[in-house]
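# Remarks on the overall topology
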Amino acid sequence: MSMSPSNNDTSQDSVSAKAAASKARSTTSRATAPASKAAGKAADKTGDAASAAAGAAERTAEATTSVARTAAQRVEAGRQAVVSASGQAAAFAKTAWTVIAHRKILAAGVGAGLTVLSAMSYQVGRRSGRRTLGPITRMTGGRI
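Residues numbered from 1 in each chain as written. Predicted model: local features only at pLDDT ≥ 70, side-chain atom pairs only at ≥ 80, totals over all residues. Heavy atoms only, no water.

So, about the overall build of the protein. The helix and strand inventory of the protein stands at three helices and zero strands. Counted from the first residue to the last, the protein has its helices and strands arranged as α-α-α. Classification of the 144 residues of the protein by burial places 1% in the buried group. Working note: accessible area of the protein is about 12,600 Å², and carbon and sulfur atoms make up 64% of it. (Helix = DSSP H or I, 4+ residues; strand = E, 2+ residues; numbered from the N terminus. Buried < 20%, exposed > 50% of the residue type's maximum accessible area, 1.4 Å probe, protein only. Areas by Shrake-Rupley, 256 points an atom, 1.4 Å probe, with all protein chains shown as cover.)

Below, the structure is given as structure tokens:
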């Protein structure tokens, strides 16, 4: 016995097979229609979500750029402050070193200044303690 279908009634087999295939296709189409619609909606929502995500990523990139720009400006301001402060510190150190190097001259100058100041205050005190003399007494040297 052979395993192949018989060649008898070949037109009948192909017609019934075509009808069964057509019926299977329509049944499958009806069964998968809701899933197909859901897949289409899901694809639309996925596209919307993707565009929203792209927009969010763009906004995040802009925010990151502005933060980086602000940080760079602050770093530059800090660098300038450090340069200025180091210049002032160097000037102070130079002045301090000059004072230390010339401390003997500086001490002599301060001593001379204090001596002159005390002598001047003594003279002013003496003069203020004297009586005032009139013009005739001054001319005569105080005899009249």
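Moving on, we come to a nonpolar patch on the surface. A cluster of nonpolar side chains, namely Val99, Leu106, Val110, Leu114 and Leu117, defines an oily patch on the protein surface of about 460 Å² accessible area. The element contributing the most residues to the nonpolar patch is helix α2 (residues 103-129), with four residues. Within the secondary structure, Leu117 is located in helix α2. Owing to a relative accessible area of 57%, Leu117 belongs among the exposed residues under this scheme. (Patch = residues over 30% accessible without salt bridge, like charges linked within 9 Å, V, L, I, M, F, W, Y side chains within 5 Å. Salt bridge = Lys/Arg side-chain N within 4 Å of Asp/Glu carboxyl O.)

Scanning the model with the defined rule gives one salt bridge in all. Measuring nitrogen to oxygen at the nearest pair gives 2.7 Å for the salt bridge that ties Arg79 to Glu76. Of this pair, Arg79 and Glu76 both sit in helix α1 (residues 10-101), three residues apart, roughly one helical turn.

The next point concerns the confidence of the model for the protein. The predicted coordinates ought not to be read in detail in places where the model reports low pLDDT. Chain-level pLDDT for the protein is 76 on average; 68% of the residues reach the 70-or-more range. Mean pLDDT across the elements of the protein ranges from a minimum in α1, with 75, to a maximum in α2, with 85. (pLDDT = per-residue confidence, 0-100.)

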